[in-house]
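Next come the chains, spelled out residue by residue.
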Amino acid sequence: MLGIALYLVFFLIVVTIYAILVMGLNLQWGFTGLFNAGVVAFYAIGAYGTAILIGPERPELIGGFELPFALGLLGGAALAALAGLVVALATLRLREEYLAIATFGIAITVQLVALNFDALTGGANGLIGLPRPMFGYFETPNLYNVCYLVAVLAIAGAVYALLERAVRSPWGRVLRAIREDATAARSLGKNPTAIRLQAFILGSGIMGLAGGLYVGFIGFVSPIDFLPILTFQIWAMLIVGGSGNNKGAVLGVLVVWGLWTISGTLISQVVPPSLQSQAGAGQAIIIGLVIVLTLLFRPRGLIGEESVVSKHVRAARVARDNPSSS
Amino acid sequence: MSALLEVEAVTAGYRPDLPIITDMSVAVARGELVTIIGPNGAGKSTLIKAIAGLLKITSGAVRLEGTLRTNLEPSRMADAGIAYVPQTENIFASLTVEENLKVGAQILGGRAARERIAAAYDSFPDLTAYRRQKAAVLSGGQRQMLAVARALLTRPHLIMLDEPSAGLAPKLVTEVFQRLAALARTGVAILMVEQNAKAAMAISDRTYVLAEGRNRLDGPSAALIDDPEVAAIYLGRAGRRA
Amino acid sequence: MLQAIADGLLTGAIIALGAIGLTLTMGILRFANFAHAEMMTWGAYMALGVLTLFGLPTAPFGPLTFGWPLLVATLVAAGLTVALALLIDRLVFRPLRGRVGHLTLVFASFGVALLVRNVVLLMFGGRATYYSNELQMSVEVMDGLRVMPDQIFVFCFALVLAGAVYLFLQKTPLGLAMRAVSENPSLAGVCGIRLGKVVMWTWIVGGSLAAVAGVLYGVTVQLRPEIGFHLLLPLFAAAILGGVGNVVGAVIGGLLIGLIESLSVLVIPSGYKLAIPFLVLLVVLFVRPSGLFRGTSGGR
């Protein structure tokens, strides 16, 4: 019984961290219409960034700044935001899909750096023995995990509240207006590129934050936690729940991560070891089917977007359709 | 008078929830030259785009020689004998002049295509010198010529032109209108949208005046040309114009 | 140095074949198809499947490691790849086209890519394999330059095929229609061109080229389910570098990407080789987003 409860805590911590990741993606895709094909890269940058900033000093490694966890977390998020700035600057003024291609590229690059830049990232072994925040104050690791869950939930709640506020603010309304109709928004004197850039960077930073929280939880980073499949999983979570809706995003995490965990457990119990890689392919196919079938048959997801039709869009359309009245 | 083209109470736009033209009706008889005028934003271009099959018609009907042709694919409208010359981007700049004509004649195939293309050069001799050059090098007037030449290759029953005189030098404008009048005399029906209202009305049989996505007036051009109400529609919506 | 140039040109030729199909889909269907590179994986493995299923012998031609059986298998694989491309278009892209923003198509292709890659993994397993176990001695062409006969064949074959596609686009009515749609789909429709037919032919050309490129990659490197995943970025880089929609540009872009990738190993550790196309892409997007050559629908 205790075993199940402990596993549940573990499961919920991961779910909450992924929920933060999905909310970051929701800001980019759901609210702004920007396609990020390299979610895992921003997550990994946040994780490695945090790890390097808080890690103990080791002669053979670059970094190991032994900073307090909170600073490490912010630093990781800032690095992820910076990466977002670089790809967004290169692509946002161009065709929309160039951002998708460039984010895919950054995911490949981050994976290579994680695997090969031993002096910074520890290579295939990763960085181990990272301090977990305030670990010494707790009597047992289990109690610590429960408290970490509470802390992560609080941070996720804060991100949720921040995003809900942001998308309902005038800034958020302009965001939607741009997603609906960039030309119309431009005609009202809003600079779509600058506002998209802000949303993309903020989203990337939130993903980086999730990465840092993951490091604080498991106490190490290694490339195995940042496989390309994660990007697809996060996307599946977002659209199953319904992009453009943060409540749906959270629901999607539960559904998809639950499906993934259950199918993974089943496979490890039932399928002989010689066929495990094929079984893994089966899991990935489920994720792919979830994405494609949702897009085809339930594009608004389980919950769907709250219909907030932007007054900017309406105003711009009226202005455009009757230019003579201006 | 049996109409070649009948557009009945058509509603259309770029998105189903935001119609730009509402319940619009237009008719063109065989060999007739019809002008559509109206202030900016009246929905003139939208109307002919919808007829050409480029925009979704959400209600109403388009009939050609009595047959229902609503929401046909653009290429099927071309087959049915309707040619359309957009106002801008009406030629393929990356293709040579010859290739532009070949695209226009593609449905004819083989020998007929070659003969019609040769005939097009006879009617528009200015294009001959640019045969093997990219259409991007053509001047505004030459582009317009190429677009019209291309549209006429299939000998359509009806040619729709969106502001054929836009951006042309005054001398060329006169020439374009003269050629269109001559074309109409050969039996091709013409439906054109024009900003240059007086000049267009002067050569056309009938005129439709549109405003705010709806029909406002129509009748013989000769009667409307001095009608103060036409001016009022322009003035009412666009004080600085007219 | 010389060796690196030769290796780079070889990889470049294969990238070029893949990039032609990609640039055509980006130009004509107007979305960045993330599943395109997976067509290469699919094609390569379908050829392997045909060879294994029918137990075809290797029957090598002269100094090459393969013979007519692989050529037959490649033809079948090209057919199966076209079939897959048309099936995906029918089931996924066509229902979405026009109904949603075109980025949703990009998203769908992203999901399709995952599906295709993992279906291959499920069918064939994850281990690296080869078409043939024949060993091949490399030939010293000149001082410091050794190449395999297979590589020379692959390079020439890829260039001949690219040339054939160019002639097809320039000289045939279908090619003209494809170029017209690539520049302006609405005007092409108004001129009487059937968009559906052009879309179908784009998949036929793109799919068969991808299959052939996949087989050629399998012949000169090896077969792994990640072929497509690793080639996607080079293909995009080549297509964008050459100007989207421009076939000659895609070929030159592909050769350049192959060369730069190969030469980069002289300067940076080879572990980062896969990131080179991304760096080239970033530079192109910052400096000259419309590509080196005029595309039909590049930039914006």
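These figures come from a predicted structure and were not determined experimentally.

Helix and strand counts for chain A stand at 13 helices and zero strands. Counting from the amino terminus, chain A carries its helices and strands in the arrangement α-α-α-α-α-α-α-α-α-α-α-α-α. In terms of overall size, chain A behaves like a compact globule, its C-alpha atoms giving a radius of gyration of 21 Å where 326 residues would be expected to give roughly 20 Å. Dimensions of chain A, computed from C-alpha atoms along their principal axes, come out at roughly 70 × 45 × 35 Å. Expressed as a percentage of the 326 residues in chain A, the buried residues total 57%. Counting contacts in chain A only where the partners sit at least 6 residues apart, residues at least 24 apart contribute 77% of the total. In the structure as shown, chain A presents an accessible area of about 13300 Å², 70% of it carried by carbon and sulfur atoms. Computed over 19 positive and 14 negative side-chain charges, the separation of the two mean positions in chain A equals 14 Å.

The next point concerns the packing of helix α10 (residues 229-241) of chain A against helix α12 (residues 276-297) of chain A. When two helices pack together, their arrangement is given by the angle between the helix axes and the distance between those axes. Residues and elements named next belong to chain A. Interaxial distance between α10 and α12 falls to 9 Å at its minimum, and their mutual angle equals 35°. The two elements α10 and α12 cross, and the hand of that crossing is left-handed. The segment α10 lies against α12, with I229, F232, Q233, W235, A236, I239 and V240 engaging A284, I287, V290, I291, T294 and L295.

Another point: the pattern of salt bridges. Applying the stated criterion across every chain, the model contains 14 salt bridges over all chains. E164 of chain A is the partner of R168 of chain A in a salt bridge, and the nearest nitrogen-oxygen pair spans 2.6 Å. In this pair, R168 of chain A and E164 of chain A both sit in helix α6 (residues 141-168), four residues apart, roughly one turn of the helix. With a shortest N-O distance of 3.2 Å, R146 of chain C and E140 of chain C are connected by a salt bridge. Residue classification places R146 of chain C among the partly exposed positions, given a relative accessible area of 41%. By relative accessible area, which is 44% here, E140 of chain C ends up partly exposed.

All right, on to the packing of helix α4 (residues 96-116) of chain A against helix α9 (residues 227-241) of chain C then. At a minimum axis separation of 11 Å, α4 of chain A and α9 of chain C run at an interaxial angle of 135°. On the basis of their axis angle, the class for α4 of chain A and α9 of chain C is oblique. Where α4 of chain A crosses over α9 of chain C, the handedness of that crossing is left-handed. Residues Y98, I101, F104, G105 and I108 of chain A of α4 of chain A lie in contact with α9 of chain C, whose contacting residues are F229, L232, L233, F236 and I240 of chain C. Looking at side-chain class alone, the contact of α4 of chain A with α9 of chain C contains nine nonpolar, one polar and no charged residues.

A word on a nonpolar patch on the surface. All names here are of chain C. On the surface, Y166, L167, V248, I252, L256, I260, L292 and F293 cluster together to form a nonpolar patch covering roughly 610 Å² of accessible area. Elements represented by at least two residues in the nonpolar patch include exactly α5 (149-171) and α10 (247-264). A total of four residues in the nonpolar patch trace back to one element, the largest contributor, which is α10. Examined against the element boundaries, I252 turns out to sit in helix α10.

All names here are of chain C. Structurally, the position occupied by T25 is in helix α1 (residues 2-29). According to the relative accessible area criterion, T25 is buried, its value standing at 1%. One polar contact links the side chain of T25 to the main-chain carbonyl oxygen of L22, over a distance of 2.8 Å. Apart from the residues lying within four places of it in its own chain, the contact partners of T25 are R30, F31, H36, T202 and W203.

Residue and element names in this part refer to chain C. Across all of its chains, the model carries 27 aromatic pairs over all chains by this definition. For the ring pair Y45 and F124, a centre distance of 4.9 Å and an interplane angle of 45° mean the geometry is tilted. Of this pair, Y45 sits in helix α2 (residues 36-53) while F124 sits in helix α4 (residues 102-124); the two residues are 79 residues apart in sequence, bridging distant segments of the chain. By relative accessible area, which is 1% here, Y45 ends up buried. On the accessibility criterion, F124 (28% relative accessible area) is partly exposed.

With that out of the way, let us pick up the confidence of the model for chain A. Mean pLDDT over chain A: 85, with 90% of residues reaching 70 or higher. Per-element confidence in chain A is highest for helix α2 (residues 39-54) of chain A, whose mean pLDDT is 95, and lowest for helix α13 (residues 311-321) of chain A, whose mean pLDDT is 48.

Quick look at the interface of chain C and chain A now. The figure often quoted for interface size is the accessible area lost as the parts come together. Contact with chain C, which involves 49 residues of that partner, is made by 47 residues of chain A. Summed over both sides, the interface of chain C with chain A buries roughly 4300 Å², with 77% coming from carbon and sulfur. Per-residue buried area on chain C facing chain A is highest for L103, F107 and F110 of chain C; these three make up 17% of the total on that side. The tally of links from chain C across to chain A stands at zero salt bridges. Where chain C touches chain A, the interface holds six residue pairs in polar contact (both at pLDDT 80 or more). Of all the elements in the fold, those that place two or more residues in the side of chain C that touches chain A are α3 (68-96), α4, α9 and α11 (276-287) of chain C. It is α4 of chain C that provides the largest number of residues to the side of chain C that touches chain A, a total of 17 residues. Taken together, the residues of the side of chain C that touches chain A sort by class into 35 nonpolar, 10 polar and four charged.

What follows is about the sheet that holds strand β4 (residues 56-64) of chain B. All names here are of chain B. What the four strands build is an open sheet, ordered β2-β1-β4-β5; its pairing is antiparallel. Taken across any chain shown, the strands that pair with only one partner, and hence form the sheet edges, are β2 (21-29) and β5 (67-68). Across six bridges, strand β1 (residues 3-13) lies against β2 in antiparallel orientation. Counted as the bridge partner of E6 is A27 from β2.

Let us look at the pairing of strand β9 (residues 206-211) of chain B. All names here are of chain B. Buried residues dominate β9, accounting for six of its six residues. Neither face of β9 is exposed, since R206, Y208 and L210 on one face and T207, V209 and A211 on the opposite face are all buried. Across four bridges, strand β3 (residues 33-37) lies against β9 in parallel orientation. Of the residues in β9, the one forming a bridge with I36 is Y208.

Looking now at the nonpolar core. Judged by nonpolar contacts, the single largest core of 213 residues is most densely connected at Y18, F35, I101 and W235 of chain A together with F34 and Y131 of chain C. Formed by 36 residues, the second largest nonpolar core is a distinct cluster that contains V85, M145, L183 and M192 of chain B.

With that settled, the discussion passes to the environment of G18 of chain C. Relative to the assigned elements, G18 of chain C resides in helix α1. The sequence separation of G18 of chain C and F236 of chain C amounts to 218 residues, and the corresponding C-alpha distance is 9.4 Å.

We now examine the sheet that holds β3 of chain B. Residue and element names in this part refer to chain B. With mixed pairing, six strands are arranged side by side in an open sheet as β6-β7-β8-β3-β9-β10. In this open sheet, the two strands that pair with only one neighbour each are β6 (82-85) and β10 (214-220). Averaged over all pairs of adjacent strands, the angle between their axes in this sheet comes to 15°, without regard to strand direction. The sheet strands contacting helix α1 (residues 44-52) are β3, β6, β7 (158-162), β8 (189-193) and β9, and the helix crosses β7 at an angle near 145°.

Thresholds applied
- Residues numbered from 1 in each chain as written.
- Chains lettered and ligands numbered in written order.
- Predicted model: local features only at pLDDT ≥ 70, side-chain atom pairs only at ≥ 80, totals over all residues.
- Heavy atoms only, no water.
- Helix = DSSP H or I, 4+ residues; strand = E, 2+ residues; numbered from the N terminus.
- Rg over C-alpha atoms; globule rule 2.2 N^0.38 Å.
- Buried < 20%, exposed > 50% of the residue type's maximum accessible area, 1.4 Å probe, protein only.
- Contact = heavy atoms within 4.5 Å.
- Areas by Shrake-Rupley, 256 points an atom, 1.4 Å probe, with all protein chains shown as cover.
- Lys, Arg positive; Asp, Glu negative; His and termini not counted.
- Charge placed at Lys NZ, Arg CZ, Asp CG, Glu CD.
- Axes fitted to C-alpha atoms, helices over the stretch in contact; angles between N-to-C directions.
- Left-handed = near helix turned anticlockwise from the far one by under 90°.
- Salt bridge = Lys/Arg side-chain N within 4 Å of Asp/Glu carboxyl O.
- Parallel < 35°, antiparallel > 145°, perpendicular 65-115°, else oblique.
- Nonpolar A, V, L, I, M, F, W, Y, C, P; charged D, E, K, R; others polar.
- Patch = residues over 30% accessible without salt bridge, like charges linked within 9 Å, V, L, I, M, F, W, Y side chains within 5 Å.
- Polar contact = N/O pair within 3.5 Å; in protein donor to acceptor, adjacent residues only side chain to side chain.
- Phe/Tyr/Trp six-rings, centres within 6.5 Å; stacked < 30°, edge-to-face > 60°.
- pLDDT = per-residue confidence, 0-100.
- Buried area = accessible area lost by both parts, 1.4 Å probe.
- Pairing = 2+ DSSP bridges.
- Core = buried A, V, L, I, M, F, W, Y, C linked by side-chain atoms within 4.5 Å.

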